Amino acid sequence: MGCNSDNTNSALEKVLQTFSSYTQLKVDIVLFSTAQYTGRNVINLIYPAELSYGFAYMPRQWLVENFCCLSHDYYMYTENDLVITESAVLNSISISHYLGRFSNQWASGFIRYEQKEEKKYIDMMPCTRPTVEKTLQGDGGQKFWVPGNIHSGNFLLSRSQLACLIDRNLFQTRFAQYGKQYGGILESAASDVYIDVVKVLPEDFTRVEIEHLSNKYDGLTHLELSREVAMPSGKIGC
């Protein structure tokens, strides 16, 4: 987890508390920061503040350098202002496992919301089009969609997917290292993996929703986004 934004310690504590509350998944937390963190049971790696925005790529560099010594089934990068519940992770893993029957280049992920007067899904801002790149239907009637905006401040990849990206020199450890970028440095660090691995979300996107604590963006309501997701356009396996 990278601390690459100016959020308060209380936000970070809430994020870490959520990870620590997992009961079905065994999670090892590596906190990348520019200052010493004293608190929950995490591995805290400290980097110089002079790295500025380039700091966002330090978790990736660490993953590449240590990948051969790691044995986890899934690897997740997240910014430090996102509350990711265990149920959201389990649902995302389950969807990725299903998608893996058709292609190792498809993976589920998450969608951020902010709680204002009503819940707004900020990854799908009203000015961003297309909201839905395409919709898909599985062989068992399951419905999915590919978001027009792949950025949600995080990524979740299986070990085989991450290994494939590293082996093919597609997992960048610095901004635009291999000529790829998605938005700026911070957005790319969290999301450019979904340029090579297609991000797929379930029709019921509340299954993989995560809370953005900064609470500063606009977005679509549940009803507005549901209407756009409901438009059929494709079938898995075609």
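Coordinates for the structure precede this section.
What comes next is a walk through the structure. Just so you know, these numbers come straight off a predicted model, no measurement behind them. (Residues numbered from 1 in each chain as written. Predicted model: local features only at pLDDT ≥ 70, side-chain atom pairs only at ≥ 80, totals over all residues. Heavy atoms only, no water.)

Details of the pairing of strand β11 (residues 198-202)
At step 1: Counting buried positions over the five residues of β11 gives four, a clear majority of the element.
At step 2: Bridge count for strand β5 (residues 106-108) against β11 is three bridges, and the pairing is parallel. When the sheet's bridge partners are listed, Ser108 is paired in β11 with Val200.
At step 3: As paired strands, strand β9 (residues 143-147) and β11 are joined by two bridges and run antiparallel to one another. Looking across to β11, one finds that Trp145 is bridged to Leu201. (Buried < 20%, exposed > 50% of the residue type's maximum accessible area, 1.4 Å probe, protein only. Helix = DSSP H or I, 4+ residues; strand = E, 2+ residues; numbered from the N terminus. Pairing = 2+ DSSP bridges.)

Here's the deal with the side chain of Thr173
At step 1: Here Thr173 is to be found in the loop between α4 (159-167) and α5 (185-191).
At step 2: What makes Thr173 buried here is its relative accessible area of 17%.
At step 3: Sequence-distant contacts of Thr173, defined by excluding residues within four places in its chain, comprise Tyr57, Arg60, Gln61 and Val64. (Contact = heavy atoms within 4.5 Å.)

What to know about the sheet that holds strand β6 (residues 111-115)
At step 1: One open sheet accounts for four strands, arranged β4-β12-β6-β7; its pairing is mixed. The sheet is open, and its two edges are formed by β4 (82-83) and β7 (119-120), each paired on a single side.

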